[in-house]
There are 2 protein chains.
Amino acid sequence: MKFKCELKKVVDDSYDIEIGHDLSKQLVEDIKNGLVGKIKRFAVISDSTVVDLYAQSIQNLIVQAGFTADLFVFPAGEKSKTRQTKEFVEDGMLAKGYRRDCCIIAVGGGVVTDLSGFVAGTFGRGVPFINFATTLLSAADASIGGKTAVDTPLATNLIGIFNQPKKVYLDIDTWKTLPQREISSGLSETIKHACLGDKDFFGYLEENIEKVFDYDTKTCEHIAYLNCKIKYSVVMQDELESGLREILNLGHTVGRAIETVSNYQLLHGEALSIGMIAQVKLGKELGFISEKNANRVLELYKRAKLPTEIPYYINKSELVKKLYTDKKIRDGKLRFVFQKEIGDTMCFGDNNYGKEISENKIAEIINTM
Amino acid sequence: MKFKCELKKVVDDSYDIEIGHDLSKQLVEDIKNGLVGKIKRFAVISDSTVVDLYAQSIQNLIVQAGFTADLFVFPAGEKSKTRQTKEFVEDGMLAKGYRRDCCIIAVGGGVVTDLSGFVAGTFGRGVPFINFATTLLSAADASIGGKTAVDTPLATNLIGIFNQPKKVYLDIDTWKTLPQREISSGLSETIKHACLGDKDFFGYLEENIEKVFDYDTKTCEHIAYLNCKIKYSVVMQDELESGLREILNLGHTVGRAIETVSNYQLLHGEALSIGMIAQVKLGKELGFISEKNANRVLELYKRAKLPTEIPYYINKSELVKKLYTDKKIRDGKLRFVFQKEIGDTMCFGDNNYGKEISENKIAEIINTM
């Protein structure tokens, strides 16, 4: 006896990204104007670095506006992006009486937005959340696109969900409080975006990249805008990564593995930089990018003050093994995304952007770096 | 500067529920015929009771069919429905090399299907799953409807997601291996369904309920079918519990709280039985159900061999406090769902099926039980 359950529906996860300066007041205005309906309780999630800089004052503004808000803070750093921290935040919220009628506001970089979006998606089977991104890296990457996750001891981002925020604020003023390493880390994803989807943007970065370190307003705004635009033109076509979205994984096969093997001594963007160079070297051998363009990519990463070689403390055979924790693996085989010259991505047949690469081949490249 | 991200899409989560006998061969046939596309790796999740009865043989059948399959087993019982068990299963799967190209098969009762569906929804940001329900309770409740979750120390089902399986198998033959307490527990949700949505079914149960204990095929099939039908007529209208679906929560405000306070000495259906009686008593006072119908409900629960009074070991003031962990809470106020006589549910205005009840009122009822 069969019973057909029809569950076909239209889902609208559309939302706004606001790019600007000193956006915390705008956030509170939006809440007052019904951004998340009639919700009156807000869990502000942040880390130990960002709490004093921005999260505390956002909480204050929300309370002053007549709502309830509590802070939930964990130690800064990728090492906090775990199931244990998720549990810590959840239990804190539950103990304070938070239930399904609340909204989560993530204030911080990628670790905070990735973790908070995941908490929001599973708290009482889902409450709305808002991202207030305080780093260039999260502006370029984590805060938009709806990928949320935590790491496991084995590798990064293995456990998570797709969950779209109600709104994203990219507050460029916050970049002023970032150390240079964090700015560079954000530029790493920025250059990746240019490599995979926009050669004019790559040219713009070649002309202007140093200005970001001086917080040149126009450059920062342009970069924030183009990161969103490139990322979204991809995500809108393939939200759930069944094909095209894999191109955003450019440089990440080696990048993520080295991030884990470094035990998070390398920031995400630093690890990605090395992964991008590995991809470019491999792509050059395979004829996907000319030597000249490969060098342009290498030069730009260097000017962004990012590492382009594998640090001495990385065990290279451990790194090769770690590649097998990649989510793009199919039937146990390694798959790589490649840029096509500059500003485009290789497609290997019907909606497939991952090329199978033998372990020997990638080990060879890694040994030259 | 604003950037609009358009993410509107049609999602089709439709699936089949198959009710029948000895369905494991059917499951393997369906996989061969592409139920989950080209996936070749299957993680069979089960508990220590069910593994020898059904899960092991399902794993064998899948391997014999030429696929890869591994067993992931945790201790039976509601106490295993935790974030720690979820982590244990995830790490086990990751260690065995499972990535996004796998499918999870949950073989067991509600604890197994709730936990497995949650694991599936977050493993690599989502892999497909199949429910093979081996208890009347899960056939009546957990295996269908797409609610997945784990408990926290504070209360049940607080952390989870909505996640629909690819198919559900309700294998009635498995009911024969259930102890009477488990059959009764399943009948508890069954009676609830009749109370909230189908007075003819209630009449049918009044005539036939004892036959379930004798595994009368026709009665079991009819019960399995009507549980699905009633639950689905609700879930299809409000999958994400923004209104109508709350009626499935009938009896659960007190039920879930007493389940937690009993430290899971009470099975879910046993706790629900007490919660249903509390609801009926309160409903009688409020004029939602006649004394005669209230007694019919009480009698039917007794005939299902379920407790209708609060056990001596329950601390009643702790129970009242625990009510505040309910997900239906709004603005800190307790809300109850009520049946309207037999076969219908009270609606309290626009799409609102939860009535605010003062703590005093419910404490009064609890003290009479």
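Not measured: the values here are computed from a predicted model. (Residues numbered from 1 in each chain as written. Chains lettered and ligands numbered in written order. Predicted model: local features only at pLDDT ≥ 70, side-chain atom pairs only at ≥ 80, totals over all residues. Heavy atoms only, no water.)

(A) Quick peek at the pairing of strand β8 (residues 147-150) of chain B. Residues and elements named next belong to chain B. Burial along β8 is two-sided: K147 and A149 and T148 and V150, pointing in opposite directions, are all buried. In the sheet, β8 pairs with strand β9 (residues 159-162) via four bridges, with the strands oriented antiparallel. In the strand pairing of β9, K147 is matched with F162. (Buried < 20%, exposed > 50% of the residue type's maximum accessible area, 1.4 Å probe, protein only. Helix = DSSP H or I, 4+ residues; strand = E, 2+ residues; numbered from the N terminus. Pairing = 2+ DSSP bridges.)

(B) Expanded view of the pairing of strand β7 (residues 129-133) of chain A. Residue and element names in this part refer to chain A. For β7, a buried count of five out of five residues is recorded, marking the element as mostly surrounded by other parts of the structure. Alignment of strand β6 (residues 102-108) against β7, held across five bridges, turns out to be parallel. Note that in β7 the partner of I105 across the bridge is I130. This β-α-β element, β6 to helix α4 (residues 110-122) to β7, shows right-handed connectivity. Relative to strand β10 (residues 167-171), β7 runs parallel, the two being bridged by four bridges. Paired with F132 across the bridge in β10 is Y169. (Right-handed = clockwise from strand over helix to strand, strands pointing away.)

(C) Seen up close, the environment of G160 of chain B. By the element assignment, G160 of chain B lies in strand β9. Of the residues examined, G160 of chain B reaches a relative accessible area of 0% and is grouped as buried. Linking G160 of chain B and T122 of chain B, residues 38 residues apart in sequence, is a C-alpha distance of 9.7 Å. Setting aside residues up to four positions removed in sequence, G160 of chain B forms contacts with G121, T122, R125 and G126 of chain A together with F118, T148 and A149 of chain B. (Contact = heavy atoms within 4.5 Å.)

(D) Structural detail: helix α10 (residues 268-285) of chain B. All names here are of chain B. The end-to-end C-alpha distance of α10, which contains 18 residues, comes to 26 Å, matching closely the 26 Å that a straight helix rising 1.5 Å per residue would cover. For α10, the buried fraction is high: 15 of the 18 residues fall into the buried class. In the segment just after α10, G287 is the residue with positive phi, at about 80°. (Expected span 1.5 Å × (residues − 1).)

(E) Quick peek at the pattern of salt bridges. Tallying each qualifying case throughout the model produces 47 salt bridges over all chains. The partner of D13 of chain A in a salt bridge is K9 of chain B, and the shortest N-O contact between them spans 3.5 Å. Of the two residues, D13 of chain A is situated in the loop between β2 (8-12) and β3 (15-20) and K9 of chain B in strand β2 (residues 8-12); the pairing between them involves two chains. Note that D326 of chain B and K328 of chain B form a salt bridge whose closest N and O atoms lie 2.9 Å from each other. A relative accessible area of 6% places D326 of chain B in the buried class. Using a relative accessible area of 3% as the deciding quantity, one classes K328 of chain B as buried. What emerges from the salt-bridge pattern is a single network uniting R83 of chain A together with K86, E87, E90 and D91 of chain B. (Salt bridge = Lys/Arg side-chain N within 4 Å of Asp/Glu carboxyl O.)

Keep in mind that these numbers describe shape and distance, not what the molecule does.
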